[in-house]
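Okay, here's what each chain looks like letter by letter:
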Number of protein chains: 2
Amino acid sequence: MKRPSPDITKRKPRATAADVAEIAGVSRSAVSRAFTPGAYLDQEKRERILLAAHELGYQPNALAATLQGARSNLVAVFAGEMRNEYDKEATAALIAGLNAVGKWPVVIAGGGDTAREAVTQVLRYPLDAMILRSGSIASEIVELCSKLNIPVIASGRIIEAKGVDNICLLNHDAAALAADLLAERGRSRIALVGGPGDFGATGERRSGFLNGLDRHGLTLVGEYAGNYTTESGYFATERLLEHAEFDGIFCANDAMAIGALGALRDAGKCIPTDVSVVGFDDIEMARWPGVRLTTLRNPIDDMVDAVLSSLDRRLADPNASEQTTRLHAEIILRDTH
Amino acid sequence: MKRPSPDITKRKPRATAADVAEIAGVSRSAVSRAFTPGAYLDQEKRERILLAAHELGYQPNALAATLQGARSNLVAVFAGEMRNEYDKEATAALIAGLNAVGKWPVVIAGGGDTAREAVTQVLRYPLDAMILRSGSIASEIVELCSKLNIPVIASGRIIEAKGVDNICLLNHDAAALAADLLAERGRSRIALVGGPGDFGATGERRSGFLNGLDRHGLTLVGEYAGNYTTESGYFATERLLEHAEFDGIFCANDAMAIGALGALRDAGKCIPTDVSVVGFDDIEMARWPGVRLTTLRNPIDDMVDAVLSSLDRRLADPNASEQTTRLHAEIILRDTH
DNA sequence: CCCCTATATGAACACGTGTGCAGATCTGGT
DNA sequence: ACCAGATCTGCACACGTGTTCATATAGGGG
């Protein structure tokens, strides 16, 4: 009954297989086998062990198991700043999806130096994979993971690197659909609220939209860049109203489109009679009464499915070649076009 | 140079301290010491080791360290369904806060049986703590954690149980402030959009509001329960407009208040001239142009600070007595009251 | 020269688990 | 009664780490 460490600040350690073995009157190996389906073990003995385990709240320590080569089932998710609604919805769905298949997401939020340090620290754990939902410091992360043989899955942007799987929307095609929509409504004086240049999808959506307009012989009458927040959409639209006359406007995401709706209404415009508004993403808010935004759905469920299947593939065969999955947007017609 | 397991499906294992020791020409112990600040180790040798480690991308396996009694720094966060904006914002902030102090959140989303199973699985890891942001299956979780000596911190609801710390807003007092606000504006015919009964804060906010009204000699002219979504706020307000005449309305959260704004405007009411609207939480959207909702701030930063300091306290002294931290709401005056 | 101390180093152990191995027991067929 | 095979069980090892322990080396004061 010796207590090697009478340190009062230390928590009583959790029950171990040896503890269970003792009170169940069996060997430690038997306890391990009781938790291993298909292992040879007397039925009556197994029940006795599980009962004892339940009493103590014992479960095998997943980390100790890792040392024998078992998968950790821990997956790092680098979520970035999550400043806009779409990012939050997508991350929440991804977490739920991982949970559903028995993978446990260790989530890193934020950016800059804090995130860099966080990623480094998290890599001290034996991760099954790293999922990137933010592009910041991506190349450093990829390099670190590659040294550690940790598969990387990028979602929402393309990262060209060895061993990185990509899941990304066909932004170009989707934005072209927005142009079709406005043209078919007979809109001819079109404005654009774009995004910041440091995000890959911004350029794809812009060029896709311009391409689509071109197919209908249309060009932009005005353009202003926001930063994907609602406030910036409001502000951008105010500026556009000052300098140009337009009857259709495409915003590179829904948050900005909702800002645009506010600015147009405050300016006395009637939607969609005076101006058609088309957004991008189909966030929850776009469905709300009083908003009912026409938009292009950036399909979160498809994204999660693709990430999970990519994860499966990579775990089954670590040497599998890189794979890029491109997702298709769907037109959602509501009341603003 | 023997390969005990030529299994092609198995990933090449990460570098270990022994690998680093070999290429640096030192003992394995020296490698461990190189990563332990303050340990006796020749300066030149330490540099050589760190260089070799960097080359291999080596970092000590945090889980193996756990076996010697080190903290895992893993913290489970049970986030629930995250159906409304406030939950998403609060969870994102909590994750970022944990990251900032070197704790790594393993996030569980969802509810029901899936969540129950998920919690059980996650408890196989040696967690530093369990943070609850959802009340569903709370009592089961608390019992499991108590057996495993894992401290539990509940945020957003009070859980009366041994070893559980609580962080919770003073909902009653805050809702009473909303009543003051409406009364001071001279509103006399007041309606309420409440929440579902299975959430503790709902009752506190309702009784606090009624109490506040009573202090001004006012009573409700109408009441309808929503489910904390914007759609339900819109619907509830429509119903209230059918059956009662009111000039002030309090909604138990901002999402429903925003729905109420939509319903009131669609009914031709002018805000705040005809009707004052007060929400609860101060989500990001409440600040948006075109919304500018008057509301009561449910202070996320304070919540995160309280959770972190509770975590600190619990880790420093596992036998510390339970602690309940009550947070204060702040009145945010904008354009709807 | 010796002695004491501060510094440096590697061997060995402990942590909790899964599993290979060898031995024990049981089953059923001749 | 005997043997082959199936079923069961415990011992011992490996996994990657931090730390104690004993030992070795260097430095400084007498």
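See the structure printed just above.
As the structure is a computational prediction, the values presented were derived from the model and not from experiment. (Residues numbered from 1 in each chain as written. Chains lettered and ligands numbered in written order. Predicted model: local features only at pLDDT ≥ 70, side-chain atom pairs only at ≥ 80, totals over all residues. Heavy atoms only, no water.)

A look at the overall build of chain A
In terms of helices and strands, chain A carries twelve helices and twelve strands. Dimensions of chain A, computed from the C-alpha atoms along their principal axes, are close to 85 × 40 × 40 Å. Counting all 337 residues of chain A, 54% fall into the buried class. Sequence-distant contacts in chain A: of pairs separated by 6 or more residues, those separated by 24 or more amount to 70%. In the form shown here, chain A has an accessible surface area of approximately 14700 Å², with 49% of it arising from carbon and sulfur atoms. One finds the centroid of the 37 positive side-chain charges in chain A at a distance of 7 Å from the centroid of its 44 negative side-chain charges. (Helix = DSSP H or I, 4+ residues; strand = E, 2+ residues; numbered from the N terminus. Buried < 20%, exposed > 50% of the residue type's maximum accessible area, 1.4 Å probe, protein only. Contact = heavy atoms within 4.5 Å. Areas by Shrake-Rupley, 256 points an atom, 1.4 Å probe, with all protein chains shown as cover. Lys, Arg positive; Asp, Glu negative; His and termini not counted. Charge placed at Lys NZ, Arg CZ, Asp CG, Glu CD.)

Re the pattern of salt bridges
Taken as a whole and assessed by the stated rule, the structure comprises 41 salt bridges over all chains. For B:R83, the salt bridge goes to B:E81, with nearest N and O atoms at 3.9 Å. Residue class for B:R83 comes out exposed when judged on its relative accessible area of 58%. Its relative accessible area of 46% is what places B:E81 among the partly exposed residues. Close ionic contact of B:K103 with B:D128 constitutes a salt bridge, the shortest N to O distance being 3.0 Å. One end of the pair, B:K103, is in the loop between helix 5 (85–100) and strand 2 (104–109); the other, B:D128, is in the loop between helix 6 (112–122) and strand 3 (129–132), with 25 residues separating them in the sequence. With relative accessibility at 9%, the residue B:K103 sits in the buried group. Residue class for B:D128 comes out buried when judged on its relative accessible area of 3%. Members of the salt-bridge network, linked through shared partners, are A:D282, A:R287, A:R297, A:E330 and A:R334. (Salt bridge = Lys/Arg side-chain N within 4 Å of Asp/Glu carboxyl O.)

Quick word on the nonpolar core
Grouped together as the largest cluster of nonpolar side chains are 122 residues, with contacts concentrated most on A:F209, A:I249, A:F250, B:F209, B:I249 and B:F250. Other than its neighbours up to four places away in sequence, A:F209 contacts A:A175, A:A176, A:A178, A:A179, A:L182, A:I190, A:A191, A:L192, A:L220 and A:F250. Counting residues in each nonpolar core, the second largest holds 56 residues, with A:V106, B:L123, B:I137 and B:V142 among its members. (Core = buried A, V, L, I, M, F, W, Y, C linked by side-chain atoms within 4.5 Å.)

Describing the sheet that holds strand 7 (residues 220–225) of chain B
Residue and element names in this part refer to chain B. One open sheet holds the four strands; their spatial order is 7-6-8-9, and the pairing between them is parallel. The open sheet is flanked by strand 7 and strand 9 (276–278), the only strands paired with a single partner. Within this sheet the neighbouring strands show an average axis-to-axis angle of 15 degrees, counted without direction. Looking at chain direction, strand 6 (residues 190–194) and strand 7 are connected through five bridges and run parallel. Across the sheet, residue V193 finds its bridge partner in strand 7, namely Y224. Each of strand 6, strand 8 (248–251) and strand 9 touches helix 8 (residues 171–184); the most contacted strand, strand 8, lies at about 165 degrees to it. Strands in contact with helix 9 (residues 200–215) are strand 6, strand 7 and strand 8; relative to strand 6, the strand with the most contacts, it is inclined by about 170 degrees. (Pairing = 2+ DSSP bridges. Axes fitted to C-alpha atoms, helices over the stretch in contact; angles between N-to-C directions.)

Description of the interface of chain A and chain B
Taken together, the contacts link 64 residues of chain A with 65 residues of chain B. In this assembly, chain A packs against chain B so that about 5900 Å² is buried in total across both faces, 59% of it on carbon and sulfur atoms. In this structure, the connection of chain A to chain B is made through two salt bridges. Measuring nitrogen to oxygen at the nearest pair gives 3.3 Å for the salt bridge that ties B:E284 to A:K88. Linking chain A with chain B are 14 residue pairs in polar contact (both at pLDDT 80 or more). Only helix 3 (43–56), helix 4 (62–66), helix 5 (85–100), strand 2 (104–109), helix 6 (112–122), helix 10 (230–243) and helix 12 (300–316) of chain A provide two or more residues apiece to the side of chain A that touches chain B. Tallying contributions element by element places helix 5 of chain A first for the side of chain A that touches chain B, with seven residues. Partitioned by chemical class, the residues of the side of chain A that touches chain B number 36 nonpolar, 14 polar and 14 charged. (Buried area = accessible area lost by both parts, 1.4 Å probe. Polar contact = N/O pair within 3.5 Å; in protein donor to acceptor, adjacent residues only side chain to side chain. Nonpolar A, V, L, I, M, F, W, Y, C, P; charged D, E, K, R; others polar.)

Concerning unusual backbone geometry
Look at the link from A:I271 to A:P272: it is a cis peptide, with omega at 0 degrees. Tracing the sequence through the fold places A:P272 in the loop between helix 11 (254–266) and strand 9 (276–278). Of note in this structure, B:N149 is not a glycine but carries a positive phi near 60 degrees. Here B:N149 lies in the loop between helix 7 (138–147) and strand 4 (152–155).

Some points on the environment of B:D281
Residues and elements named next belong to chain B. Note that D281 resides in the loop between strand 9 and strand 10 (295–297). On the accessibility criterion, D281 (5% relative accessible area) is buried. Distance from D281 to A252, taken between C-alpha atoms, is 8.6 Å for residues 29 residues apart in sequence. Excluding residues within four positions of it along the chain, D281 makes contact with Y86, R205, N253, D254, T295, L296, R297 and N298.

Structural notes on the protein's contact with DNA strand D
Neighbouring DNA strand D are 23 residues, the closest being A:R33, B:A17, B:R28, B:S32 and B:Q68. Within 4 Å of the protein, the contacting atoms of DNA strand D are 48% sugar and phosphate, with bases supplying the remainder. Taking A:Q68, its side chain carries an N or O atom lying 3.2 Å from a base oxygen of DNA strand D. Backbone polar atom of B:A17 to a phosphate oxygen of DNA strand D: 2.6 Å apart, as the coordinates give it. Those elements that place two or more of their residues in the surface near DNA strand D are helix 2 (28–34) of chain A together with helix 2 (28–34) and helix 4 (62–67) of chain B. Among the elements that take part in the surface near DNA strand D, helix 2 of chain B stands out by supplying four residues, more than any other. Among the residues making up the surface near DNA strand D, the classes are represented as eight nonpolar, nine polar and six charged. (Near = heavy atom within 4 Å.)

Here we look at the protein's contact with DNA strand C
Lining the immediate environment of DNA strand C, one finds 23 residues, of which A:A17, A:R28, A:S32, A:Q68 and B:R33 sit closest. Between a phosphate oxygen of DNA strand C and a main-chain N or O atom of B:D42, the distance comes to 3.1 Å. Examining the composition of the surface near DNA strand C, we find that four residues originate from one element, helix 2 of chain A, more than from any other.

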